[in-house]
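Fold and geometry: a report
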Amino acid sequence: MKTLDLIVPCYNEEEALPLFCETVLPIADSLSQTEVRFIFVDDGSRDKTLAVLRELATKDSRVQYISFSRNFGKEAAMLAGLRASSADYVGIIDADLQHDPHLIPEMLQAVSEEGYDIAAARRIDRTGESKLKSVFSKAFYKIINRISDANIEEGAQDYRIMKRCVVEAVLSMPEYNRFSKGIFSWVGFKTKWFPHENRARTAGISKWSFGGLITYAMDGIVNFSTAPLKISLFFGSALSFAGIIYALYIILRTLFLGTDVPGYPSIICAILIIGGFILLVLGVLGEYISRIYMEVKNRPNYLIAETNILPETREKK
Ligand code: UDP
Ligand code: MG
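What comes next is a walk through the structure. As a convention, each chain's residues are numbered from 1 in the sequence order in which they are written. Labels follow written order: the first chain is A, the first ligand is 1, and so on. Under the rules for a predicted model, residues below a pLDDT of 70 receive no local features and side-chain atom pairs below 80 are neither given nor counted, while totals for whole chains, interfaces and linings still include all residues. Processing note: side-chain calculations cover all non-hydrogen atoms of the structure and skip hydrogens and water entirely.

**Quick word on the overall build of the protein**
Here is the rule we go by: Strands are runs of DSSP state E lasting at least two residues, helices are runs of H or I lasting at least four, and both sets are numbered from the N terminus onward. For the radius of gyration, the atoms used are the C-alpha atoms, and the globule rule reads 2.2 Å times the number of residues raised to 0.38. We call a residue buried when its accessible area falls under 20% of the maximum for its residue type, exposed when it is over 50%, and partly exposed in between, using a 1.4 Å probe and counting protein chains only. Here the accessible surface of atoms and residues is derived via Shrake-Rupley with a 1.4 Å probe, and residues count as covered only by protein chains that are part of the display. For this count, His and the chain ends are skipped, Lys and Arg are scored as positive, and Asp and Glu as negative. Charge coordinates come from a single atom per side chain, which is NZ of Lys, CZ of Arg, CG of Asp or CD of Glu.
Within the protein one finds 11 helices and eight strands. Taking 317 residues into account, the globule formula puts the C-alpha radius of gyration at 20 Å, and the protein, at 25 Å, lies well above it. Along the first, second and third principal axes, the C-alpha set of the protein runs to 90 × 40 × 40 Å. When each of the 317 residues of the protein is scored for burial, the buried share is 42%. Accessible surface computed for the protein: about 17400 Å², of which carbon and sulfur atoms make up 62%. Here the protein contributes 36 positive and 37 negative side-chain charges, whose respective centroids are spaced 5 Å apart.

Here's what the structure looks like:
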């Protein structure tokens, strides 16, 4: 009998969790060929999520949970789940039922019988999303695919089921700054995409703000591409070249025609443009250096405060 671990990151999901179990447990029961276990990762929730998980675990031995000492973010929660799992197939699914659990049997079949390594959901519509968010998100995919070596499928979601070998590949990437969309596509493997409709959250509220999404997009670009550095280099060189030509022109003109004092506008323009440009390049450098700093510190991505997963099963891998 093959095993499937479903990783469920949870941050303040006390209302969503009972609904989640109500929907997903029967689906798990219907998989006759596969033994399903759940790894709920409580990402430092401030509501009763942990209490709900403890309760679920006492009622159902398939429920395992990990609870962080504080909120470390969904990336850290997914990483903890992947590290804790030892199953043949590993899935990731949100707790808010925005990821249609009825896809699980088909997804599992794709990896277990149809020869795919990954079965992943891809969003096909953007209903219930603001126009501005859609525009930014489209631009993000265009840019990142142009400048990085990870080919990120537009609308690719974290909702997926992977074979053990893919999980090992993902875990073999040691970076501290984890941008899962990039990591999942960077590792490659044969993927079957499942079109998936946007659904409303069952309960609770989304944890994303617009600012958060912008930071997330920037993270993705800086983590998977050094193009911004090259662009800075290119514009810096072009500007210097233009500067040299202009300086030559001024020198020659002064030699042959003498100087005329007026020139304030051109000087101030040059100062502003070049000054602004230098700050911009420094900012880009700063983004990379801050990431190097975080990588070098080599801090853990998360700290576990409580779990019901025994150390042996976790190390087995
Ligand atoms: N989540 C998490 N840590 C966080 C934020 C979110 O574990 O810091 C979980 C959350 O509980 C949910 C999933 O990640 O199961 C997706 O979060 P959310 O629904 O807020 O994002 P959206 O669906 O709006 O992209
Ligand atoms: Mg959601």
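On we go from here.
**Comments concerning the packing of helix α5 (residues 131–147) against helix α8 (residues 210–224)**
Here is the rule we go by: Note on definitions: angles span 0 to 180 degrees between N-to-C directions of axes, and those axes are lines fitted to C-alpha atoms, for helices only across the stretch in contact. To sort the angles, those under 35 degrees are grouped as roughly parallel, those over 145 as roughly antiparallel, those from 65 to 115 as roughly perpendicular, and the leftovers as oblique. Residue contacts are counted whenever heavy atoms from the two residues lie within 4.5 Å of one another. Residues were grouped as follows: Ala, Val, Leu, Ile, Met, Phe, Trp, Tyr, Cys and Pro as nonpolar; Asp, Glu, Lys and Arg as charged; and all remaining residues, including Gly, as polar.
Where α5 meets α8, the axes come as close as 10 Å, and the angle between the chain directions of the two elements is 10°. Put simply, α5 runs roughly parallel to α8. Contacts between α5 and α8 pair L132, K133, F136, F140, I143, I144 and I147 from the former with F210, L213, I214, A217, G220 and I221 from the latter. For the contact of α5 with α8, the per-class residue count stands at 11 nonpolar, one polar and one charged.

**What to know about the coordination of the magnesium ion (ligand 2)**
Here is the rule we go by: Only nitrogen, oxygen and sulfur atoms within 2.8 Å of the metal, or 3.2 Å for Na, K and Ca, are treated as donors, and water is left out, so sites may look incomplete.
For the magnesium ion (ligand 2), the protein coordination sphere consists of D96 (OD) and Q98 (OE1), at 1.8 to 1.9 Å. We classify D96 as buried; its relative accessible area is 3%.

**Description of the pairing of strand β1 (residues 2–10)**
The criterion, for reference: At least two DSSP bridges between two strands are required for those strands to pair. Convention used here: a crossover is right-handed provided that the path from the first strand, over the helix, to the second strand proceeds clockwise when the strands point away from the viewer.
When you tally the buried positions in β1, you get eight out of nine residues, the bulk of the element. Of the strand pairs in this sheet, β1 and strand β2 (residues 34–42) are connected by nine bridges, and their pairing is parallel. Looking across to β2, one finds that K2 is bridged to T34. In the classification by handedness, the crossover that spans β1, the intervening helix α1 (residues 16–30) and the parallel β2 is right-handed.

**Digging into helix α3 (residues 74–84)**
Across the 11 residues that make up α3, a large majority, nine, are buried. For α3, the set of buried residues is E75, A76, A77, M78, L79, A80, G81, L82 and A84.

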